[in-house]
Each structure stands twice: as structure tokens, then as C-alpha cells.
Amino acid sequence: MRLTDWRDTIVVISVGLIILITSLLLITTGNDQLLLVITSILAPLVALFLGIMGLRIYAKESANKEDKYNTLNLWLAIGLIMLSLAEIAGTLVGLSQSPNQIILIVGLAQMPGLILWGLGIIQYLRSLNSSLGFIKSNNLWIGLFLIATLSTIGLVVIIVTQFTTIGLIESLVLSPIIVGLTLLTIIITILVWIFRQGTLAKPLFLILGALALYLVRVLLWLFVDTSLESPTDGVIAIESFILCGGALLLARDLGKIDT
């Protein structure tokens, strides 16, 4: 396996830090509207650029080998591109819709991208499980399905009964996204722990950060009434996309990984 090259990843992460620091300065100086304009432009551009870059890397690699980890990165790249389109849709819809309507529309638009992230992670988990033999494959799929379904139903019930200010439609749309992101975050956390002494843990850790930030974003939508018109929402989205893009760049330099 080649030595990991951090240079491209460091450049991407450094851009993320610059955006984060600039955002904090704009917020503290009361320039929220300027930050909102900047993040509305940057969020889709960052996701689109990193997604296309990842697609160029891993689509070419997928034609030459059957590597489930490579497939995971390919799905992440395509998911980034779809999420960029959802961000664009959110900006356009925001010109004529109310904040709650925007969140519902964008939440629905982002589902395909998040589903692609989930497919990549779950397929990799399935491949790893087949190699290591932790759980029978059928039991794994049944378990994940039951956990996701029951958790979603439970979350909807809790929201409807305990958070009466949240609309039913909002809870029905955002609850499966929250449960899905939580489940994927747990899965990646387990994978990071399994590979904690290897180079594979590094890009997985960045993916974990991306998922965790996106989960925080959706939780804020639902429970804190943070709309897409909030400047911090765009910052969270950009940082999540940058962590995912950084993971794609870092994984490119890991060499061939046997799964």
C-alpha cells in the first residue's frame, strides 16, 4: 500500500477552516445577510466541485476493479452532486416560499443524495461483514431494516406527542432523514473503530464528520426551527461537503484495499 498523501486533503480542509473562520467573523460583526448570500452561492458550488472531482477519480477506477471501498466513494461523489442540486433548488425556492415550505421541499430533494451515501456505506458494510463473518447477511439486512423502520415510527410518535409545535408533515419528511443519518453515523463510527490502527480510518473519520454535521443540520431544522435562510445553516452544509470531499481525496491515495 502506498503512503498516504495528505496534501490535496489538507488544501480542501484548509479551505473549510477559512470559510468557517470567515463565517464566524461575519456573524460576530452582524453581517448575517452577507454571510447568507455567500453560503447560498458556495454551498452548491463546493458540493458540485467536490462531487465531480470524486466522480472523475472513482468512476474511472470502478471500470478497472471490483472494490467495494471504491464503490463507496463513487456513491459519495454522486451523492454530493445530487446534494448540490438540492442546495440550488433550495435557493431558488426560497425566493418565493415560506421557510417551512423550503425545508420540506429541500428535505425531499436531498433524499436521493443521502440515499446514495447510505447505499455506499451499507454496501461496504455488507462486503466487510461477508469477509469477517460478524453477522449472517440476511440477519444484517433484516436488523437494519427493523431498526430504521421502528426508530422512524418512534421518532414521529415522540415528535407528534411531545413537540406539538412541529407539524405532522415536517416530522414525516425529516424523521426518516434523521434516523437514516444517525444509523449511518453509528455504522461509520463502528468502521472507524475496526480500522482505528490503519490508514483506512482516516478517510472514514472525515466521512463520519460529514455525516455528523449533516445530522446536526437536519436536527436544527426540525427542533430549533432553523431555516435555510439562517447563515449558520449554509456554513454547516459547506463544512459537511468539504469533509466528504476531503475523504474522497484522501481515499484516492490509499492504494488498493482488500475488502
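Residues numbered from 1 in each chain as written. Predicted model: local features only at pLDDT ≥ 70, side-chain atom pairs only at ≥ 80, totals over all residues. Heavy atoms only, no water.

**Student:** I keep staring at the overall build of the protein chain and nothing clicks. Help me out?
**Tutor:** When helices and strands are counted, the protein chain shows 8 helices and 0 strands. Going residue by residue from the N terminus, the α and β elements of the protein chain occur as α-α-α-α-α-α-α-α. Out of the 259 residues in the protein chain, the part that is buried amounts to 47%. For the protein chain, restricting intrachain contacts to residue pairs at least 6 apart in sequence, the fraction spanning at least 24 positions comes to 78%. Summing over all exposed atoms, the protein chain offers an accessible surface of approximately 12,900 Å²; the carbon and sulfur share of this is 70%. (Helix = DSSP H or I, 4+ residues; strand = E, 2+ residues; numbered from the N terminus. Buried < 20%, exposed > 50% of the residue type's maximum accessible area, 1.4 Å probe, protein only. Contact = heavy atoms within 4.5 Å. Areas by Shrake-Rupley, 256 points an atom, 1.4 Å probe, with all protein chains shown as cover.)

**Student:** Can you help me understand the pattern of salt bridges in this one?
**Tutor:** Under the criterion given, the structure shown has 2 salt bridges. Residue Arg217 is joined to Asp233 by a salt bridge in which the shortest nitrogen-to-oxygen separation is 2.9 Å. Taken together, the residues Arg217 in helix α7 (residues 201–223) and Asp233 in helix α8 (residues 231–252) connect sequence positions 16 residues apart. In this pair, the class of Arg217 matches that of Asp233, namely buried. Ionic contacts of the salt-bridge type, sharing partners, join the residues Glu87, Arg217 and Asp233 into one network. (Salt bridge = Lys/Arg side-chain N within 4 Å of Asp/Glu carboxyl O.)

**Student:** I keep staring at the layout of surface pockets and nothing clicks. Help me out?
**Tutor:** Where empty space is left can be seen by rolling a probe of water-molecule size over the atoms. For the largest pocket, the calculated volume is near 510 Å³. The wall of the largest pocket is formed by 18 residues, among which Ile115, Ile122, Ala148, Pro176 and Gly180 lie closest to the centre. A per-element tally of the lining of the largest pocket places helix α6 (residues 168–194) first, with 7 residues. Of the residues in the lining of the largest pocket, the class split is 14 nonpolar, 4 polar and no charged. (1 Å grid on protein atoms, 1.4 Å probe; cavity = no way out; pocket = protein on both sides within 12 Å on 5 of 7 lines; lining within 4 Å. Points joined across faces, edges and corners; volume = space filled by probe spheres on them. Nonpolar A, V, L, I, M, F, W, Y, C, P; charged D, E, K, R; others polar.)

**Student:** Just to check I follow, could you spell out the packing of α6 against α7 for this structure?
**Tutor:** If you want to describe how two helices pack, look at the angle between their axes and the distance between the axes. With their axes 9 Å apart at the nearest point, α6 and α7 run at an angle of 160° to one another. Classed by the angle they form, the pair α6 and α7 counts as roughly antiparallel. Once α6 is placed against α7, the crossing between them reads as left-handed. Classifying every residue of the contact of α6 with α7 gives 22 nonpolar, 4 polar and 1 charged. (Axes fitted to C-alpha atoms, helices over the stretch in contact; angles between N-to-C directions. Parallel < 35°, antiparallel > 145°, perpendicular 65-115°, else oblique. Left-handed = near helix turned anticlockwise from the far one by under 90°.)

**Student:** How do you make sense of the packing of aromatic side chains when you look at a structure like this?
**Tutor:** The description of two aromatic rings rests on the distance between their centres and on the angle between their planes. One pass over the structure, following the stated rule, counts 3 aromatic pairs. An angle of 75° between the planes, with centres 6.1 Å apart, marks the rings of Trp117 and Tyr214 as edge-to-face. Taken as a pair, Trp117 in helix α4 (residues 99–132) and Tyr214 in helix α7 lie far apart in primary sequence, 97 residues in all. A residue is classified by how much of its surface remains accessible, and Trp117, at 2% relative accessible area, is buried. The interplanar angle of 65° and the centroid separation of 5.1 Å between the aromatic rings of Phe163 and Phe223 together place this pair among those described as edge-to-face. One end of the pair, Phe163, is in the loop between α5 (137–162) and α6; the other, Phe223, is in helix α7, and 60 residues separate them in sequence. Taking relative accessible area as the criterion, Phe163 reaches 36% and is therefore assigned partly exposed. For Phe223, a relative accessible area of 36% puts it in the partly exposed group. Ring pairs connect the aromatic residues Trp117, Tyr214 and Phe241, which therefore count as one cluster. (Phe/Tyr/Trp six-rings, centres within 6.5 Å; stacked < 30°, edge-to-face > 60°.)

**Student:** What is the right way to look at the environment of Ile158 in this model?
**Tutor:** For Ile158, the location among the structural elements is in helix α5. On a C-alpha basis, the gap between Ile158 and Ser171 in space is 9.7 Å, while along the polypeptide they are 13 residues apart.

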